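Overview (structure and organization)
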Amino acid sequence: MKALLILAAVLFFAITLVMAIFFRDERARGRLRFIRNVGWGYVIAIVILAAWSIYQNGF
């Protein structure tokens, strides 16, 4: 089941990239921008959680 979800996610990203690059689809580009912003949000959340952990536990 987990492998199926990962395969579906990879397939979604591949199709979106093809649509954005080769067909210049604006909706696909919008999806890629959204995915990029979500990725940056994830990175920021991880950094904040790491800083909080360091604050609570020390080095």
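The numbering scheme is per chain: residues are counted from 1 as the chain's sequence reads. For this predicted model, a pLDDT threshold of at least 70 governs which residues receive local features, and a threshold of 80 or more governs which side-chain atom pairs are given and counted, while totals over whole chains, interfaces and linings are taken from all residues. Derived side-chain values reflect all non-hydrogen atoms in the structure, with water molecules and hydrogen atoms excluded from consideration.

**Observations regarding the packing of aromatic side chains**
- By convention, a stacked pair of Phe, Tyr or Trp rings (six-membered ring in the case of Trp) has centres within 6.5 Å and planes under 30 degrees apart, an edge-to-face pair has planes over 60 apart, and any other such pair is tilted. In total, this model carries 2 aromatic pairs according to the counting rule given.
- Judged by centre distance (5.6 Å) and plane angle (40°), the rings of Trp52 and Tyr55 are tilted. Within this pair, Trp52 and its partner Tyr55 are both found in helix H2 (residues 26-57), separated by 3 residues, close to a single helical turn. The way it works is that DSSP assigns letters per residue, a run of H or I at least four long becomes a helix, a run of E at least two long becomes a strand, and they are numbered from the N terminus.

**Some points on the environment of Phe12**
- Relative to the helices and strands, Phe12 is located in helix H1 (residues 2-21).
- Only heavy atoms matter for contacts: two residues are in contact if any of them lie within 4.5 Å across the pair. If we skip the residues at most four places from it in the chain, Phe12 touches Arg31 and Ile35.

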